[in-house]
Amino acid sequence: MKYTAYILALILLFVTTACGDETPSSAITYTDVALVNSVTDRGTDFTIAGRKDLVTTELHSSAVLKSDGAELTGNCIVIQYTVIDSKTGEINLRNASIISNYDAGAGSSEDIKGWDDDKVTLLSHWTIGKHFIVRVALPYYPEKRRLGLMIDNSTLQDSYPQAYLCHSLQGSIDPGDTFYRNYYVAFDLTDIADAKDWNGLTVYVNDPKLKDKKITIDF
């Protein structure tokens, strides 16, 4: 499987805010990756990975998110918000930003070959449902690159399949000739994990600071 992708820096969404959705100046503003569950005329529902300040991971804002040319429902975004009620998950949405969202794939060793062509600096990672999200530092390059989460199809029946965060500039530019920028990228495992009894994933990342260059995530 060959795959190339553009990677997005954060792009601000258009937020329509309902009357009375004022943010107190003294409130703490939080930033989280969130999965958009639904957008209606009554507002937007999100799921976040979790925060100690909140009793629930299910959040709601009366702000109606809109974005030209981008499907929001079922995708991950980054939100900034203050908390109205930590038990119900009601929030004041301050900002929302689009990130790169891709479907995970499965392939053979030949498909996975070259997964470690270029270095990745893993800054953070999360799971929300069957979405795996990373915040990474990558060489800046405005054109397409090889980028994806590829699962070894010989391990699909394992409780923790082996997955590879594949990244390659494909020789288009020397990383030493550019600078590094931080990106959020989300991978949707829903289709590939359908009807499989996975407990999580073992993800290999070409980050020299990672022991064995892998992390284990749980669903």
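Note that the coordinates shown come from a computational prediction; the quantities given were computed from them, not determined experimentally.

Cut-offs and rules
- Residues numbered from 1 in each chain as written.
- Predicted model: local features only at pLDDT ≥ 70, side-chain atom pairs only at ≥ 80, totals over all residues.
- Heavy atoms only, no water.
- Salt bridge = Lys/Arg side-chain N within 4 Å of Asp/Glu carboxyl O.
- Helix = DSSP H or I, 4+ residues; strand = E, 2+ residues; numbered from the N terminus.
- Buried < 20%, exposed > 50% of the residue type's maximum accessible area, 1.4 Å probe, protein only.
- Pairing = 2+ DSSP bridges.
- Axes fitted to C-alpha atoms, helices over the stretch in contact; angles between N-to-C directions.
- Core = buried A, V, L, I, M, F, W, Y, C linked by side-chain atoms within 4.5 Å.
- Contact = heavy atoms within 4.5 Å.
- pLDDT = per-residue confidence, 0-100.

### Overview of the pattern of salt bridges
And step 1. Per the counting criterion, the structure on display carries 2 salt bridges.
And step 2. We note a salt bridge from Asp 32 to Arg 51, for which the minimum N-O separation is 3.0 Å. Of this pair, Asp 32 sits in strand E3 (residues 30–40) while Arg 51 is found in the loop between strand E4 (43–48) and strand E5 (58–61), placing the two residues 19 residues apart along the sequence.
And step 3. With a shortest N-O distance of 3.8 Å, Arg 51 and Asp 53 are connected by a salt bridge.
And step 4. Residue classification places Asp 53 among the partly exposed positions, given a relative accessible area of 42%.
And step 5. Each of the salt bridges in this network shares a partner with another, and the network as a whole consists of Asp 32, Arg 51 and Asp 53.

### Description of the sheet that holds strand E13 (residues 146–152)
Think of a sheet as strands paired side by side through backbone hydrogen bonds, with each pair either parallel or antiparallel.
And step 1. Taken together, 5 strands build an open sheet; the order of strands is E10-E13-E14-E16-E17 and the sheet is mixed. Of all the strands in the sheet, just strand E10 (105–107) and strand E17 (214–218) have a single pairing partner and so form its edges. The sheet shows a mean angle of 35° between the axes of neighbouring strands, direction not considered.

### Here's the deal with the nonpolar core
And step 1. In terms of nonpolar packing, the biggest core is built from 26 residues, with Phe 132, Leu 149, Ile 151, Leu 189, Trp 198, Leu 201 and Val 203 touching the most fellow members.
And step 2. By residue number, the principal contributor to this core is strand E12 (residues 131–139), which donates 4 residues.
And step 3. Setting aside residues up to four positions removed in sequence, Ile 151 forms contacts with Gly 105, Ala 106, Gly 107, Ile 112, Leu 156, Pro 161, Gln 162, Ala 163, Leu 189, Ile 192, Trp 198 and Leu 201.
And step 4. One finds Ala 34, Leu 59, Ala 63 and Ile 98 within the second-largest nonpolar core, a separate group that totals 18 residues.

### So, the pairing of strand E14 (residues 162–168)
And step 1. Burial analysis of E14 places 6 of its 7 residues in the buried class, which makes it a mostly covered element.
And step 2. Direction of pairing for E13 relative to E14: antiparallel, over a ladder of 6 bridges. Across the sheet, the residue bridging to Ile 151 is Ala 163, located in E14.
And step 3. By the bridge criterion, 3 bridges tie E14 to strand E16 (residues 200–204) in an arrangement that is parallel. Note on E16: the bridge partner recorded for Gln 162 is Thr 202.

### Some words on the confidence of the model for the chain
And step 1. Here the chain averages 88 in pLDDT, and 90% of its residues register 70 or above.
And step 2. Element-level pLDDT for the chain is lowest in strand E2 (residues 14–16), with a mean of 62, against a maximum mean of 97 in E5.

### Some points on the sheet that holds strand E11 (residues 121–128)
And step 1. A sheet is described by the order of its strands in space; here 4 strands give the open sequence E9-E15-E12-E11, paired in mixed fashion. Only two strands of the sheet have a single neighbouring strand rather than two, namely strand E9 (100–103) and E11. In this sheet, adjacent strand axes meet at a mean angle of 25° when their direction is disregarded.
And step 2. Across 7 bridges, the pairing between E11 and E12 is antiparallel. Bridge pairing links Thr 121 to Ala 137 in E12.

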